[in-house]
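# Inside the fold
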Protein chains: 2
Amino acid sequence: MTKAPTRIQQRNRAAILSAGLDIFSQYGFRGATLDQIADAAGLSKPNLLYYFPSKEAIHTALLERLLETWLDPLKALDGSGDPVAEIMGYAQRKLAMSRDFPRESRLFANEILQGAPHIEEILKTDLKTLVDEKAAIIQGWADAGKIAAIDPHHLIFSIWAFTQHYADFDVQVRAVLGDKAPHDGALSFLDTLYSKLLRV
Amino acid sequence: MTKAPTRIQQRNRAAILSAGLDIFSQYGFRGATLDQIADAAGLSKPNLLYYFPSKEAIHTALLERLLETWLDPLKALDGSGDPVAEIMGYAQRKLAMSRDFPRESRLFANEILQGAPHIEEILKTDLKTLVDEKAAIIQGWADAGKIAAIDPHHLIFSIWAFTQHYADFDVQVRAVLGDKAPHDGALSFLDTLYSKLLRV
DNA sequence: TTCTGGTTTGACCAACTGGTCAAAATAACG
DNA sequence: CGTTATTTTGACCAGTTGGTCAAACCAGAA
């Protein structure tokens, strides 16, 4: 029976994971250092290694926590709901995640950019299965004439690409937009884009 | 007067830049090592440093070479051409760059993900100016009723996001699609997406 | 062939890397 | 309070990092 974590453990583990998220999402696994993470977490390096046995362990913990929730918006796409509302809702949920969890988005982007060494298997199994399943639903809607005929896989890619862009390329978006908040404009653009695309 | 480079210089500089592109685009600046780059270029590390004075110098040379051509597709967007054809042509050129220069796309993505430390000023000046200028053209077309009324900045973001996705997230795209070639499907999806969006 | 300038290398260095460990400091609890 | 379990730390280590340098090597012109 594993012991319940003390208050100190809870606080420090959370601080480490948050610091690790900051650093890994910016520099990638190889580019991040334990000193940076320890510093950001307000701990000494040996103290940090008291809570996680290795750099890899912190990274793995972060990726696992991320994967638990990363696919939730797509899982929620309901084949028995209204087609246009379901797809638009999915896109909106993804955009909201970009706004609310940009570090998680960048952690994921870094992992993929580096060739997905830690999660390639999950992509080929869990992710592919989920996407294929939802793509079949969308294809069904298209075949039934409820939405326009479009390739469902690329539709999903376009939603990923567009929504994650606002988290992953944040500094570029802000550089171009000046200091106008990007997300309001993005949301209404997204609404226009997909309602026009899906209309039969 | 600077001397003309010898054949050996040409060959080795090119090999180093290509190797650097491979490594930097995968691991980012901090995550890449000179040993990796030297290895990929088929040179010893001191030999590599005979051609470039530092790691930073290789990276800078790559970024400069990239920026020279990266914005060409957008620059080619012509205010006196046919609105829909111009915008679709731009999107198609960008998608072709993703197919033909994926390493360059990932180098850029890594730089932005890390907060654009080397090019933030360029983004805020050159890039912003260019985008604002082209956005004004697109806004003009919309005001004249030649295309649908959409936010031109977010239109451009959506083109960047969608096209670069196929280079930057290549392993994810392939994992989901199996081994079907992604680009044909992407191209026709892109055509459908933007022709529907722009139609008045 | 010799001379010359460009090219390559092995040995080396200081700083940094991920990680260890025993000892010290602190919290928890009766 | 005293005892015990948890937490924190300084000193340390071996391997890696970006980078230097003098010496050796080599291609080609005279």
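Data block above holds the structure.
Structure report, in brief. Since we're looking at a predicted model, the values are computed, not measured.

Attention now moves to the interface of chain A and chain B. With 54 residues of chain A at the interface, the matching set in chain B holds 54 residues. Together chain A and chain B conceal approximately 4800 Å² of surface at their shared face, both sides included; 72% is due to carbon and sulfur atoms. Together, Leu113(A), His154(A) and Val176(A) form the three largest contributors to the area buried by chain A at its contact with chain B, with a combined 15%. Looking at the side of chain A that touches chain B, the elements that each hand over two or more residues are helix H1 (7-31), helix H7 (102-113), helix H8 (120-143), helix H9 (152-168), helix H10 (170-177) and helix H11 (182-198) of chain A. Sort the elements by how many residues they give to the side of chain A that touches chain B and H9(A) lands first, with 12 residues.

On to the protein's contact with DNA strand C. Leu34(A), Lys55(A), Thr6(B), Gln9(B) and Tyr51(B) are the nearest of the 21 residues found near DNA strand C. Per the 4 Å cut-off to the protein, sugar and phosphate atoms form 61% of the nearby atoms of DNA strand C. The contact in question runs from a phosphate oxygen of DNA strand C to an N or O atom on the side chain of Ser44(B), over 3.3 Å. Counting residues per element, the ones that place at least two in the surface near DNA strand C are helix H2 (34-41) and helix H3 (45-51) of chain A together with helix H1 (7-31) and helix H3 (45-51) of chain B. Grouping the constituent residues of the surface near DNA strand C by class yields eight nonpolar, seven polar and six charged.

The subject of this paragraph is the nonpolar core. Within the largest apolar cluster, 134 residues are counted, with the highest numbers of intra-cluster contacts made by Leu155(A) and Leu155(B). When neighbours within four sequence positions are excluded, Leu155(A) is seen to be in contact with Ile87(A), Ile138(A), Ile150(A), Tyr194(A), Leu197(A), Leu198(A) and Phe189(B).

It is worth spelling out the side chain of Ser105(A) at this point. Residues and elements named next belong to chain A. Counting through the fold element by element, Ser 105 comes out in helix H7. The exposure class of Ser 105 is buried, given its relative accessible area of 1%. With sequence-adjacent residues up to four places away left out, Ser 105 is seen in contact with Trp 70, Gln 164, Ala 167 and Asp 168.

Around DNA strand D there are 21 residues in total, and Thr6(A), Gln9(A), Tyr51(A), Leu34(B) and Lys55(B) lie nearest to it. Among the atoms of DNA strand D lying within 4 Å of the protein, the sugar-phosphate backbone contributes 60%. Within the side chain of Arg30(A), a nitrogen or oxygen atom sits 3.5 Å from a phosphate oxygen of DNA strand D. Within the contact set of DNA strand D, a base nitrogen lies 2.8 Å away from a side-chain nitrogen or oxygen of Lys45(B). Each residue belonging to the surface near DNA strand D can be placed in one class, and the counts come to eight nonpolar, seven polar and six charged.

Definitions and limits used
- Residues numbered from 1 in each chain as written.
- Chains lettered and ligands numbered in written order.
- Predicted model: local features only at pLDDT ≥ 70, side-chain atom pairs only at ≥ 80, totals over all residues.
- Heavy atoms only, no water.
- Contact = heavy atoms within 4.5 Å.
- Buried area = accessible area lost by both parts, 1.4 Å probe.
- Helix = DSSP H or I, 4+ residues; strand = E, 2+ residues; numbered from the N terminus.
- Near = heavy atom within 4 Å.
- Polar contact = N/O pair within 3.5 Å; in protein donor to acceptor, adjacent residues only side chain to side chain.
- Nonpolar A, V, L, I, M, F, W, Y, C, P; charged D, E, K, R; others polar.
- Core = buried A, V, L, I, M, F, W, Y, C linked by side-chain atoms within 4.5 Å.
- Buried < 20%, exposed > 50% of the residue type's maximum accessible area, 1.4 Å probe, protein only.

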